[in-house]
Amino acid sequence: MVTQSYSDADHFDKTDVDVFASVSDQVAMAIERKTYEMRLKEAHDALEMRIRRRTNALMKINRRLESEIRKQEQTENILRESEARLIQSERLAATGQLAASIAHEINSPLQGVTSLLNVMRREYGRDNQLAGDLELVQGAFTSISKTVKNLLDLNRPGKEKNRPVQIQEVITQTAALVKAYLKDNHVRLELDLPAALPPIMGSPQELSQVFMNLITNSVESLNMDPTYSDRRIAIEAQTAGEQVEVRVTDTGIGIGAEDISRVFDAFFTSKKTMGMGVGLSICHRIIEGHNGTIEARNLSDRGAVFTIRLPVNDPST
Ligand SMILES: Nc1ncnc2c1ncn2[C@@H]1O[C@H](COP(=O)(O)OP(=O)(O)OP(=O)(O)O)[C@@H](O)[C@H]1O
Ligand SMILES: [Mg+2]
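Every residue gets a number counted from 1 within its own chain, in the order that chain's sequence is written. Working convention: letters from A go to chains and numbers from 1 go to ligands, in the order in which they are written. Per-residue local features are limited, in this predicted model, to residues with pLDDT of at least 70; the limit for side-chain atom pairs, both in listing and counting, is 80 or more; totals at the level of whole chains, interfaces and linings are taken over all residues. Computation of side-chain values: all heavy atoms of the structure, hydrogens and water removed.

### Structural notes on the site of ligand 1
Being near a molecule or strand, for a residue, comes down to having at least one heavy atom within 4 Å of it. Around ligand 1 there are 20 residues in total, and Asn217, Thr269, Ser270, Lys271 and Leu280 lie nearest to it. Any N or O atom pair separated by 3.5 Å or less is treated as a polar contact, with the protein-specific requirement of one donor-capable and one acceptor-capable atom, and with residues adjacent in sequence counted only for side-chain atom pairs. Between ligand 1 and lysine 271 there is a distance of 2.6 Å, counted from an oxygen atom to a side-chain nitrogen or oxygen. Here glycine 277 contributes a backbone N or O atom positioned 2.9 Å from an oxygen atom of ligand 1. Taking 600 Å² as the accessible area of ligand 1 by itself, protein coverage stands at 91%. Numbering of helices and strands starts at the N terminus; helices are DSSP runs of H or I of at least 4 residues and strands are runs of E of at least 2. Breaking the shell around ligand 1 down by element, the ones donating at least two residues are helix 5 (204–223), helix 6 (279–289) and strand 7 (304–311). Per-element accounting of the shell around ligand 1 gives the leading share, four residues, to helix 5. All accessible-area figures derive from a Shrake-Rupley calculation using a 1.4 Å probe, and residue coverage is judged against the displayed protein chains alone.

### Some points on the pairing of strand 7
When a residue's accessible area, from a 1.4 Å probe over protein chains only, is under 20% of the maximum for its type it is buried; when over 50% it is exposed; and in between it is partly exposed. Burial analysis of strand 7 places six of its eight residues in the buried class, which makes it a mostly covered element. With seven bridges joining them, strand 5 (residues 243–250) and strand 7 adopt antiparallel strand pairing. From the neighbouring strand, arginine 247 faces strand 7, where its bridge partner is threonine 307. Here a strand pair is declared whenever DSSP counts at least two bridges between the two strands. Pairing of strand 6 (residues 293–298) with strand 7 involves six bridges; the strand directions are antiparallel.

### Looking at the pattern of salt bridges
A pair is scored as a salt bridge if a Lys or Arg side-chain nitrogen falls within 4 Å of a carboxyl oxygen belonging to Asp or Glu. Under the criterion given, the structure shown has 14 salt bridges. Ionic pairing is found between arginine 262 and aspartate 259, a salt bridge with its closest N-O pair at 3.2 Å. A residue is classified by how much of its surface remains accessible, and aspartate 259, at 10% relative accessible area, is buried. Residue arginine 309 is joined to glutamate 295 by a salt bridge in which the shortest nitrogen-to-oxygen separation is 3.9 Å. Separated by 14 residues along the polypeptide, arginine 309 in strand 7 and glutamate 295 in strand 6 bring together distant segments of the chain. Look at arginine 309 and you get partly exposed, because its relative accessible area is 22%.

### With respect to helix 3 (residues 167–177)
Every buried residue of helix 3 is accounted for by Ile167, Gln168, Val170, Ile171, Thr174 and Ala175. Projected down its long axis, helix 3 shows its buried positions confined to an angular sector of 155°, all on one face. Set apart from the buried face of helix 3 by more than 90 degrees, the exposed residues are Gln173, Ala176 and Leu177. Think of it as the arc spanned by the lines of direction from the helix axis to the C-beta atoms.

### Focus on the sheet that holds strand 7
Strand order across the open sheet formed by five strands is 2-4-5-7-6, with mixed pairing between neighbours. Of all the strands in the sheet, the pair left with one neighbour each is strand 2 (188–192) and strand 6. Taken over all neighbouring pairs, the strand axes of this sheet differ in orientation by 15° on average, direction set aside. Strand direction decides the pairing type here: strand 4 (residues 232–240) and strand 5, joined by eight bridges, are antiparallel. Each residue of the ladder has a partner; that of alanine 234, found in strand 5, is threonine 249. Any two residues whose heavy atoms approach within 4.5 Å are treated as being in contact. Comment: axis = line fitted to C-alpha atoms, over the contacting stretch for helices; angle = value between 0 and 180 degrees taken between N-to-C directions. Sitting on the sheet, helix 6 is in contact with strand 6 and strand 7, with an inclination near 140° to strand 6.

### Describing the environment of tyrosine 124
Following the sequence through the fold, tyrosine 124 ends up in the loop between helix 1 (14–123) and helix 2 (128–155). Spatially, the C-alpha atoms of tyrosine 124 and glutamate 90 are 50 Å apart, while their sequence positions differ by 34 residues. Beyond its immediate chain neighbours, meaning those up to four positions away, tyrosine 124 contacts Leu130 and Ala131.

### Some remarks on the packing of aromatic side chains
Aromatic ring pairs are defined here through the distance separating the ring centres and the angle between the ring planes. The pairing test for Phe, Tyr and Trp rings, Trp by its six-membered ring, is centres within 6.5 Å, and the orientation test on the planes gives stacked under 30 degrees, edge-to-face over 60, and tilted for anything in between. Under the counting rule described, the total for this entry stands at one aromatic pair. Between phenylalanine 264 and phenylalanine 306 the ring centres are 6.3 Å apart and the planes differ by 85°, which places this aromatic pair in the edge-to-face class. With phenylalanine 264 in the loop between strand 5 and helix 6 and phenylalanine 306 in strand 7, the pair connects residues that are 42 residues apart, well separated along the chain. For the pair formed by phenylalanine 264 and phenylalanine 306, the shared burial category is buried. A ring has a charge above it when a Lys NZ or an Arg CZ is no more than 6 Å from the ring centre and no more than 35 degrees off the ring normal. Positioned above the aromatic ring of tyrosine 228 is the side chain of arginine 302, whose terminal nitrogen or guanidinium carbon lies 3.4 Å from the ring centre.

### What to know about the nonpolar core
Core analysis: the largest hydrophobic core is formed by 37 residues, its most contacted members being Ile167, Leu214, Val246 and Ile308. Elements supplying a minimum of two residues to this core: helix 3, helix 5, strand 4, strand 5, helix 6, strand 6 and strand 7. The element contributing the most residues to this core is helix 5, with seven residues. Residues in contact with leucine 214, not counting those within four places in the same chain, are Val248, Leu280, Cys283, Ile294, Phe306 and Ile308. Put simply, buried Ala, Val, Leu, Ile, Met, Phe, Trp, Tyr and Cys residues joined by side-chain atoms within 4.5 Å make one nonpolar core.

### Quick word on the domain arrangement of the protein chain
Note that the domain bounds were set by an automatic or database domain assignment. On domain assignment, one finds that the protein chain holds domain 1 (89–155) and domain 2 (164–311). Taking the mean C-alpha position of each, domain 1 and domain 2 sit 30 Å from one another.

### Quick look at the side chain of aspartate 259
Within the element layout of this structure, aspartate 259 appears in the loop between strand 5 and helix 6. If near-sequence neighbours (up to four positions away) are discounted, aspartate 259 is found in contact with Phe268 and Ser270.

### Some words on a nonpolar patch on the surface
On the surface, Met1, Val19, Val23, Val27 and Ile31 cluster together into a nonpolar patch covering about 450 Å² of accessible area. If you trace the backbone, valine 23 turns up in helix 1. The patches reported here contain residues having more than 30% relative accessible area and no salt bridge. Joining distances are 9 Å for like charges and 5 Å for nonpolar side chains (Val, Leu, Ile, Met, Phe, Trp, Tyr).

This is the structure in structure tokens:
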């Protein structure tokens, strides 16, 4: 602010000075306020920037934490599943041992009876009626012996399984065995088996027993609903990485939701007096003995599916 006079030295008096002083005070205050305002804005901007940076960093940490929690949950799930599988295997192993010891106990008297029967047949061979009866009894005892032997074989650890097996051949042979049974029950069997599947290591007899049990179960499930006319069982095989995967599906009534976790348990059956509940526990034990896995699921529309995975035979190991 300027005021000037080049001619009159007394041109200004105290009032002018007061006016100047008061105006310049106000201007100074305005300038000062503006300066503070600008500093405040700078401080505010800087603060906002820091908050934004921190928030970004926090969000990153959050995302990492979330992904770690997810990973941990997955690991926990896998652990829980293997634990359940372990409990099931232990339970099955215990039942297997029990069956083996019972079979063993039955075996000794059986052998005694069989040799006695031989003696009796020699002794009374001339009496036709008696000889015929003795032969019937011997036939029955042979059948019991076979069952007992199978039971013992099934539970013998380290039993010979070491031969390359083409699973598609086992399935076709089993299908031929059950052809009449399927026809009687009006069930169509569809096979989708690639000719060039890699071999697995195993016992064809045992694996055939697995498919026999699965097919029987499927037929029984189809028979639970006689009103449904699309009666089908499908068996498909394929290579899945280092494994051969076989899926047995049916159009039956499916597995009860509350039963799905128990179907492989020994003596679990939903068939009341019709079933013993041993078929699937035997399947489970056989597949485990082949270092494979078997699982049960319901299909989304109708019926059940059993998936078996067996390791491909690697000749280099
Ligand atoms: N294909 C299937 N569809 C629906 N439920 C099934 C099927 N297969 C098995 N299940 C269920 O699993 C249970 C156990 O099967 P598992 O073969 O072990 O015994 P089971 O058939 O009842 O008796 P067993 O085989 O000793 O004659 C069955 O009772 C049934 O509830
Ligand atoms: Mg069964």
